[in-house]
Amino acid sequence: MTTFRLENALPVDTTIPEPSLVCLIGAAGSGKSTWASAWPATQVLELDRFRALVSDDAGCQESTADAVFALQAVLEARLARRKMTVVDATNCELAVRADLIATARRHGVPTVALVVPTPLSVCVERQEGRPANRRVPEQVVRAQHAAMVDAWPGLPAEGFDHVVVAENVSRLQALLQPLSDARRADLGWDNSEGLGDLLLVRRIFGSEILPMWRWSEGSPLAGGDRVAEIRLGADRIVLAQRNDIDGEGDVGFDILVGCPADDECEGQAWAPAYNVTDLLRALTGELMTDPDVRCTVHGGPDDVDQEADDHALQDDDPEGRADLEAQYADAVRA
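To start, this report covers the structure provided alongside it. (Residues numbered from 1 in each chain as written. Predicted model: local features only at pLDDT ≥ 70, side-chain atom pairs only at ≥ 80, totals over all residues. Heavy atoms only, no water.)

## Re helix α4 (residues 94-106)
Then, number 1: Here α4 contains 13 residues, and its C-alpha end-to-end distance of 18 Å stays within 8% of the 18 Å for a straight helix at 1.5 Å per residue.
Then, number 2: Of the positions making up α4, those classed as buried are Arg97, Leu100, Ile101, Thr103 and Ala104. Buried residues of α4 fall within an arc of 160° about the axis and therefore sit on the same side. What points out from α4, more than 90 degrees from its buried face, is the exposed set Leu94, Ala95, Arg105 and Arg106.
Then, number 3: Taken together, the buried residues of α4 touch β1 (21-25), α3 (64-80), β3 (85-88), β4 (111-115), α6 (138-151) and α7 (155-158).
Then, number 4: Glycine 108 lies just past α4 and shows a positive phi near 65°. (Helix = DSSP H or I, 4+ residues; strand = E, 2+ residues; numbered from the N terminus. Expected span 1.5 Å × (residues − 1). Buried < 20%, exposed > 50% of the residue type's maximum accessible area, 1.4 Å probe, protein only. Arc of directions from axis to C-beta. Contact = heavy atoms within 4.5 Å.)

Dropping the structure here:
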């Protein structure tokens with residue numbers, strides 16, 4: 001097995017011009033996408049993403065040719081505008097790298113080979129935790145890693161203007177800065193209004209929910225607690241913000257659902273909502289069977305069970321006689 005040895009490396013180069021075409025080079029599982037995330041998402045062309053765009057499956061290998069075609073079209077458009085572009089793919093094949101270099105040269109954009117030499121054992125181990133459609137067979141990972149090691153010394157001769165080993169590059173600040181800026185904006189620390197009362201909503205349900213979220217100010221539906229709704233077309237979910245869950249001061253949300261005890265119940269039944277999956281369960285009706293559902297009329301499941309037991313006792317004793325000793329005496333006298 002060929003091993004990448006940094007001590008035998010080319011002269012250290014950490015230059016990544018802006019703009020440039022950055023070609024990540026490394027086996028599946030080497031962490032290329034983590035490095036790519038240090039650039040804005042609009043600047044990153046990820047082959048798996050293009051597979052998903054053309055086939056709805058990021059792991060569909062049969063769609064690779066179409067995905068490459070689509071990626072190439074976007075690459076041409078970006079480099080024609082001299083935009084910083086990062087190609088997030090294994091790029092272990094000579095022919096693939098040659099096409100990328102040729103495209104950059106047509107537009108006069110410098111090229112950077114960013115080698116990610118993660119140990120083979122780590123690349124193989126990382127496949128175990130991936131979904132089946134994204135898991136790369138071990139023999140393929142081994143071949144990719146060997147190709148990366150073999151290609152590395154000759155990358156300058158291929159035409160790359162800069163050959164950079166990932167371990168020599170400082171990109172953590174570039175990764176953290178936009179995340180910090182976004183967080184500060186959410187909190188209003190950038191002198192904006194921030195998310196305000198939507199901050200908790202995003203934390204629990206995700207940012208995609210925010211455009212559909214509307215507070216229903218002054219609604220008496222939840223006994224004084226604040227009410228909101230998520231609406232899209234004919235679909236509607238009603239929630240209440242609880243500010244003292246279980247009397248411990250915790251804050252969270254309940255979802256309004258149908259009463260599980262009585263379809264004609266005029267009360268309100270509420271189920272706790274912990275994440276966006278609970279929103280889906282509420283919409284499909286599945287959340288009605290949640291053991292934590294509580295109705296303002298029928299109470300929780302324990303209360304409903306007790307009510308059913310009471311009805312059963314009444315059915316067994318139509319005359320309302322619950323004194324078993326008296327019933328026994330009557331039977332003896334008879």
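## Thoughts on the packing of helix α2 (residues 47-55) against α3
Then, number 1: Taken N-terminus to C-terminus, the directions of α2 and α3 make an angle of 110°; their axes are 8 Å apart at the nearest point. In this view, α2 runs roughly perpendicular relative to α3, as classed from their interaxial angle. Between α2 and α3 lies a crossing of right-handed hand. Two secondary-structure elements touch here, α2 through Leu47, Phe50, Arg51 and Val54 and α3 through Thr64, Asp66, Ala67, Val68, Ala70, Leu71 and Val74.
Then, number 2: Looking at the contact of α2 with α3 residue by residue, the class counts come to eight nonpolar, one polar and two charged. (Axes fitted to C-alpha atoms, helices over the stretch in contact; angles between N-to-C directions. Parallel < 35°, antiparallel > 145°, perpendicular 65-115°, else oblique. Left-handed = near helix turned anticlockwise from the far one by under 90°. Nonpolar A, V, L, I, M, F, W, Y, C, P; charged D, E, K, R; others polar.)

## Some thoughts on the sheet that holds β1
Then, number 1: Pairing is parallel in the open sheet, where five strands are placed in the order β2-β3-β1-β4-β5. Bordering the open sheet on either side are β2 (44-46) and β5 (162-165), each of which pairs with just one other strand. Sheet twist, expressed as the average angle between the axes of neighbouring strands with direction ignored, equals 20°.
Then, number 2: As defined by bridge partners, β4 adjoins β5 across four bridges and the pair is classed as parallel. In the sheet register, valine 112 faces β5, and the bridge partner there is histidine 162.
Then, number 3: In the packing of α3 onto the sheet, the strands contacted are β1, β2 and β3, and the crossing angle to β2 comes to about 170°. (Pairing = 2+ DSSP bridges.)

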